[in-house]
Each structure stands twice: as C-alpha cells, then as structure tokens.
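One letter stands for each residue in the lines below.
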Amino acid sequence: MNNALLLPIIVVLVVLLIGYILLAPRRRRHQAIHHHTKRRVVKNLLKRVDHGARVAIEHGHQRSPLWPGVADAHLLREPSCVVCGYRGRHVQVHHVKPFHLHPNLELDPNNLITLCEAGGREHHLILGHLDSWQSYNEHVRADAKHYYRKTAAQIRDDLRWRKMMVERP
Ligand SMILES: [Zn+2]
Ligand SMILES: [Zn+2]
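Residues numbered from 1 in each chain as written. Chains lettered and ligands numbered in written order. Predicted model: local features only at pLDDT ≥ 70, side-chain atom pairs only at ≥ 80, totals over all residues. Heavy atoms only, no water.

### Observations regarding the coordination of the zinc ion (ligand 1)
At step 1: Taken together, His 94 (ND1), His 124 (NE2) and His 129 (NE2) make up the protein donors of the zinc ion (ligand 1), found 2.1 Å from the metal.
At step 2: Here the donor residues of the zinc ion (ligand 1) share one chain and are spaced in sequence as H-x29-H-x4-H. Pair noted here: His 94 is in strand β1 (residues 91-95) and His 129 is in the loop between α4 (123-128) and α5 (140-146), with a separation of 35 residues, a long-range link. (Donors = N, O, S within 2.8 Å, 3.2 Å for Na, K, Ca; no water. Helix = DSSP H or I, 4+ residues; strand = E, 2+ residues; numbered from the N terminus.)

### Describing the coordination of the zinc ion (ligand 2)
At step 1: The coordination sphere of the zinc ion (ligand 2), as far as protein atoms go, consists of Cys 81 (SG), Cys 84 (SG), Cys 116 (SG) and His 123 (ND1), spread over 2.1 to 2.3 Å.
At step 2: Angles of 106 to 114° at the metal separate the four donor atoms of the zinc ion (ligand 2), which places the site in the tetrahedral class. (Tetrahedral: all angles 85-135°; square planar, octahedral: opposite > 155°, others 65-115°.)

### Quick word on empty space enclosed by the protein
At step 1: By the definition in use, this model includes one cavity of 30 Å³ or more.
At step 2: The space that makes up the largest cavity amounts to roughly 290 Å³.
At step 3: Together, 23 residues line the largest cavity, and Asp 50, Gly 52, Arg 63, Val 93 and His 124 are the ones closest to its centre.
At step 4: Listed by contribution, the elements that provide at least two residues to the lining of the largest cavity are α2 (51-58), α3 (67-77) and β1.
At step 5: Ranked by the residues each element gives to the lining of the largest cavity, the list is headed by β1, at five residues.
At step 6: Each residue belonging to the lining of the largest cavity can be placed in one class, and the counts come to ten nonpolar, nine polar and four charged. (1 Å grid on protein atoms, 1.4 Å probe; cavity = no way out; pocket = protein on both sides within 12 Å on 5 of 7 lines; lining within 4 Å. Points joined across faces, edges and corners; volume = space filled by probe spheres on them. Nonpolar A, V, L, I, M, F, W, Y, C, P; charged D, E, K, R; others polar.)

### Structural notes on the pattern of salt bridges
At step 1: A full pass over the atoms with the stated rule returns six salt bridges.
At step 2: Here Arg 156 makes a salt bridge to Asp 131, at a shortest N to O gap of 2.8 Å. One end of the pair, Arg 156, is in helix α6 (residues 152-157); the other, Asp 131, is in the loop between α4 and α5, with 25 residues separating them in the sequence.
At step 3: Accessibility expressed as a relative area gives 24% for Asp 131, which makes it partly exposed.
At step 4: Note that Glu 167 and Lys 163 form a salt bridge whose closest N and O atoms lie 3.6 Å from each other. In this pair, the class of Glu 167 matches that of Lys 163, namely exposed.
At step 5: Salt bridges sharing common partners tie together Glu 122, Asp 131 and Arg 156. (Salt bridge = Lys/Arg side-chain N within 4 Å of Asp/Glu carboxyl O. Buried < 20%, exposed > 50% of the residue type's maximum accessible area, 1.4 Å probe, protein only.)

What follows is the structure, encoded as structure tokens:
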C-alpha cells in the first residue's frame, strides 16, 4: 500500500474513534432512560389487573382512556389500602359504585377507594366485591372501618360479613 493512501485512511480512523468516544456517554444515558421507561411500563402492567374493566366489558362498557391517569392521581392521594394500610404493587383503585352500572362515575374521585389484593388479605375482593368480582358493596367505606386490619380469614369467619355476602347484589 502506498503512503498517499495510508494517510487518509489513518485520518478517517482517528475521526471515527474520536466521534465514538465523544458520543458514548450520550448513548449510555439514552439506554438508561429507555430501560427505566420499560421498567415503569412493566410495573404498571403488573399493577393494573383490572377486574372492574373485565366485568364492564361483559356489560358492554370500556374503560375511558383517562382512567389510568385518574387512578394514578387517586393513588397519590390515597396510596394504601384503607382496610389494612398495605401499600405497594398489590393496591387497586376500586369503584364504590361499580363502573359497569355507573359508567358516568368512572372518573369521579369521590367514587374511588384504595383496597389491596395482598396475600392473605384480599380486601378488594372481600370488602369491595363481597367475594365475587361480579358483585359490589356500596357500604365499603363503612365496612373498611368495621373490618380495620382484619385478615381475609378473619373477615370470612365473621357472621355479619357472611350475611352481607349471601345477600350481595
Ligand atoms: Zn373493585
Ligand atoms: Zn388491605
């Protein structure tokens, strides 16, 4: 190879190397942001097992596209289960008046309450829905106080709760 060709090749290689070094930090930052976004999306998907939406679809109603934002805003105000104080991945935003019967109240903050599906407690299912996702409990606010800190087993053993469950809508 002659020298006249060698020099431009070296110049090009040096320029590429400098460019690679200068852009590397930006590339890493971009990957980090992307990774973070992906983790948040996965976390939100895990958080949103949406029983209300499933029942509503059977009744011909779809969740509003605004629902995830309204649910997140509610969780900022009331982050933990009102029955047991649990906060974390297994909290759910529950509609006191069920979405499938009152779709107009879907986004009403006054119709929302935080309940958990933490293992051994299941306060969303037991007190929000009286043990059936198809059912609901319009007195859930009072019952959350009545059964404060009780486990799923304790509530299911309770005569008052059993009566409510038998008579549930
Ligand atoms: Zn619910
Ligand atoms: Zn709870």
